[in-house]
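Breakdown of the fold
The lines below spell out each chain.
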Amino acid sequence: MVKQVTAVVIGAGNRGDNYAEFAVHFPDRLKIVGVAEPRKARRTKLQNRHKIPNDKTFSDWVEVAALPKFADCAFITTQDRMHKEPVVAFAKLGYHILLEKPMATTEEDCKEIVSTCKSEGVMLGVCHVLRYMPQTLTIKKLIASGAIGDVVNIQLLEPIGFWHFAHSYVRGNWHREEDSSFSLLAKACHDIDLVNHWMSPHQCKKVSSFGSLMHFRKEDKPQGAGTRCLDCAVEDGCPYSAKKIYLDSVKRVRH
């Protein structure tokens, strides 16, 4: 019989909410017993969804870490630059760690996360979830079996999508590198992980990277464009329109 795992969610945003949903579909395997989230609406939503008692619902993860260990593992699904501190704190308390990608925004923080989990004897899992997609598993089997011969080159495109890029990396949480992380780390870390996964046990020996900000620049602003989508004269024909992506999509769902 499979043992039920208990977990506390640190950061009840999109990722924390999604990973916790496993407990709803497979309640015999996972139970969410605590949550820490500064935004009341997100915190309350997850609390109600998983019937978490008030004394295990917190606005700050520091409050959770101050208590004796009360779950098997901690889901660390905070913003990119807020990963290391809670991982280290909960690992030292004996929690196994499920950590949203990217692991951290600096090499030093990544090393500290790994070394702490090793020294404390806890499991560390990083959510490179694309490894488990059917097409990813098939590619891995084909390469490992030798069915397609020796792989000498992999060209991988990260299909972020124009609307997703505008939402997340232009006006969203990842719009400034100093506030979060650069897009190659935040999004294309999936691709880097897939290449490493497919080519394992071979190790990467050399990496090169190049690129620059070309499209979303002030000098490329369309003539007559405003500073906000709702007040913009060219909004109707703009694929990046926040009105289309957000307001119009809500109207379509309601109808």
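Predicted model, so just to flag it, every value in this text is computed and none were measured.

To continue, consider the nonpolar core. In this structure, Ile76, Phe90 and Ile97 are the most contacted members of the largest nonpolar core, which totals 20 residues. The set of elements that each furnish at least two residues to this core consists of β1 (5-10), β2 (30-36), β4 (73-76), α5 (84-92), β5 (96-99) and α6 (107-120). Per element, the largest residue contribution to this core is three residues, and it comes from α5. Apart from the residues within four sequence positions on either side, Phe90 is in contact with Ile10, Trp61, Val64, Ala65, Ala74, Ile76, Tyr95 and Ile97. Counting 14 residues, the second-largest nonpolar core is a separate cluster that includes Val9, Ala20, Ala23 and Leu30.

The next subject is the sheet that holds β4. Strand order across the open sheet formed by six strands is β3-β2-β1-β4-β5-β6, with parallel pairing between neighbours. The open sheet is flanked by β3 (57-58) and β6 (124-126), the only strands paired with a single partner. Relative to β2, β1 runs parallel, the two being bridged by six bridges. For Val5, the partnering residue across the bridge sits in β2 and is Leu30. Each of β1, β2 and β3 touches helix α3 (residues 40-50); the most contacted strand, β2, lies at about 155° to it.

Quick look at the layout of surface pockets now. Space inside the second largest pocket adds up to approximately 760 Å³. Lining the second largest pocket are 35 residues; nearest its centre among them are Gly13, Asn14, Thr77, Gln79 and Asn173. Of all the elements in the fold, those that place two or more residues in the lining of the second largest pocket are α1 (14-20), α3 and α8 (162-170).

As a further point, take unusual backbone geometry. Geometrically, the link from Lys101 to Pro102 is a cis peptide bond, its omega value of -10° lying close to zero. Its place among the elements puts Pro102 in the loop between β5 and α6. A positive phi angle is found at Lys51, which is not glycine, with a value near 55°. In this structure, Lys51 sits in the loop between α3 and β3. Owing to a relative accessible area of 72%, Lys51 belongs among the exposed residues under this scheme.

Cut-off values and rules
- Residues numbered from 1 in each chain as written.
- Predicted model: local features only at pLDDT ≥ 70, side-chain atom pairs only at ≥ 80, totals over all residues.
- Heavy atoms only, no water.
- Core = buried A, V, L, I, M, F, W, Y, C linked by side-chain atoms within 4.5 Å.
- Buried < 20%, exposed > 50% of the residue type's maximum accessible area, 1.4 Å probe, protein only.
- Helix = DSSP H or I, 4+ residues; strand = E, 2+ residues; numbered from the N terminus.
- Contact = heavy atoms within 4.5 Å.
- Pairing = 2+ DSSP bridges.
- Axes fitted to C-alpha atoms, helices over the stretch in contact; angles between N-to-C directions.
- 1 Å grid on protein atoms, 1.4 Å probe; cavity = no way out; pocket = protein on both sides within 12 Å on 5 of 7 lines; lining within 4 Å.
- Points joined across faces, edges and corners; volume = space filled by probe spheres on them.

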